Amino acid sequence: MRAFVDLALLDPEALSDLGGLEPVAKLMGFSRILTLSDVQPIDGKALSAQALSTEVHRAKSAGKIPLVLATTAESLKHAARFRGILVELRTRADMQFATIARDRGVLPVITLEFLRAHPKNIATAAQNVVLLHCARIPFVLSTGARAPTDLRGPWEIAAVGRALGLPLPLALSAVSTNWSVLQGVLP
Amino acid sequence: MRIKPLPPTLREKRRYLLVVGTDCRGVVRAVQSVFGKFYSGLAHIYCVESGLADLPVGGDIPSDGEQAKQIKYCIVRVRRDLDWLVRAALALYEFPVPVFVPAESGTLRALREKGVYSLIVGKVPQRLNKGTSNQKSKNPTEG
């Protein structure tokens, strides 16, 4: 039995209308949904390398997992230096990022929120998936929901992975077992 | 005696998906919007049933006294090798409510027997529950 995990960038109290975080996770088939109480989003574009380092260490000391939103190639390279963080791919990754990320143990994230933002983003994500798959880097797919209406089930997220070119077992791993790169996320 | 499973070529070429949160028209609109009318046609989406159901409160069926929210649901029949296309379209389309397909969706028999249908919908309709009613009628004490 797979344990599915999702990343939703919303406040847990926003789900009170639907019955709370745990009932929603149980209803949809997730064993855990990471929210803003577990994850600290950091905008990588607006920060220099030094400022990004400070923010990452601040988030880690607060007991949260840093999530760097990498919208430019430069912020992507800065974010790849840190061990045990999430990097949301919002731009096309290159081989340099892949090499560093593989050595450091960075976990790239592709969110449905990014795919919905523009039709071209689907092509960008498909290229990233090919690169990460060739470089043998585990990555995760998640909803990245900023509102309760954006939540989806694990099999729907895996189907998006299939649409991006992954075979179904790897797409399911991207929603479940690949989260084991970060310690303490999977039960 | 153990019954041999059917080979993949002889299995049913359709898959039944219980979609919670929208109706059949919403499913077709999502696939057409995301992948276009061509792939929507290839997926052979056919509406089996749609209606309103009680949203489970805290993962359980609400009892008579509890106020339950009504939520749309539908059962659609799709081509087995393109069910991922329908699921991906549901994930990428922006619905006004959370939409998901329970993992146990697959065949009508699974929807009836595994209990997910009754968990989401609250009550199994008589039309889908023919197998159970036939078994009851075989019992001579019940007439």
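That block above? That's the structure.
All values derive from a computational prediction rather than experimental measurement.

Chemist: Give me the lowdown on the sheet that holds strand β5 (residues 86–89) of chain A, citing residues and values where you can.
Modeler: Residues and elements named next belong to chain A. A sheet is described by the order of its strands in space; here 5 strands give the open sequence β3-β4-β5-β6-β7, paired in parallel fashion. With one partner strand each, in any of the chains shown, β3 (39–43) and β7 (140–142) form the two edges of the open sheet. Here the average twist between neighbouring strands, direction ignored, is 30°. Relative to the sheet, helix α2 (residues 49–61) contacts β3 and β4 (65–70), its axis offset from that of β4 by approximately 150°.

Chemist: Please give an account of the packing of aromatic side chains that cites residues and values.
Modeler: Residue and element names in this part refer to chain B. One pass over the structure, following the stated rule, counts 3 aromatic pairs over all chains. Between Phe 38 and Tyr 39 the ring centres are 5.4 Å apart and the planes differ by 80°, which places this aromatic pair in the edge-to-face class. Between Arg 77 and the ring centre of Tyr 46, over which it is positioned, the NZ or CZ distance is 4.4 Å.

Chemist: Break down the packing of helix α7 (residues 154–163) of chain A against helix α2 (residues 83–92) of chain B for me, with residues and values.
Modeler: Helix-helix packing: each pair is described by the crossing angle between the helix axes and the interaxial distance. Taken N-terminus to C-terminus, the directions of α7(A) and α2(B) make an angle of 110°; their axes are 7 Å apart at the nearest point. Judged on the interaxial angle alone, α2(B) and α7(A) are roughly perpendicular. Contacts between α7(A) and α2(B) pair A:Trp155, A:Glu156, A:Ala159, A:Val160, A:Arg162 and A:Ala163 from the former with B:Trp84, B:Arg87, B:Ala88, B:Leu90, B:Ala91 and B:Leu92 from the latter. Here the residues of the contact of α7(A) with α2(B) sort into 9 nonpolar, no polar and 3 charged.

Chemist: Which residues make up the state of the cysteines, and what values do they have?
Modeler: All names here are of chain B. Inspection of every chain in the model, using the stated rule, returns 1 disulfide over all chains. Between the sulfur atoms of Cys 24 and its disulfide partner Cys 47 the distance amounts to 2.3 Å. A torsion of 55° about the S-S bond marks the disulfide between Cys 24 and Cys 47 as right-handed. Taken as a pair, Cys 24 in helix α1 (residues 24–42) and Cys 47 in strand β2 (residues 46–54) lie far apart in primary sequence, 23 residues in all. Here Cys 24 falls in the buried class, since its relative accessible area comes to 10%. Taking relative accessible area as the criterion, Cys 47 reaches 35% and is therefore assigned partly exposed.

How each quantity is defined
- Residues numbered from 1 in each chain as written.
- Chains lettered and ligands numbered in written order.
- Predicted model: local features only at pLDDT ≥ 70, side-chain atom pairs only at ≥ 80, totals over all residues.
- Heavy atoms only, no water.
- Pairing = 2+ DSSP bridges.
- Helix = DSSP H or I, 4+ residues; strand = E, 2+ residues; numbered from the N terminus.
- Axes fitted to C-alpha atoms, helices over the stretch in contact; angles between N-to-C directions.
- Contact = heavy atoms within 4.5 Å.
- Phe/Tyr/Trp six-rings, centres within 6.5 Å; stacked < 30°, edge-to-face > 60°.
- Lys NZ or Arg CZ within 6 Å of the ring centre and 35° of its normal.
- Parallel < 35°, antiparallel > 145°, perpendicular 65-115°, else oblique.
- Nonpolar A, V, L, I, M, F, W, Y, C, P; charged D, E, K, R; others polar.
- Disulfide = S-S within 2.5 Å.
- Buried < 20%, exposed > 50% of the residue type's maximum accessible area, 1.4 Å probe, protein only.

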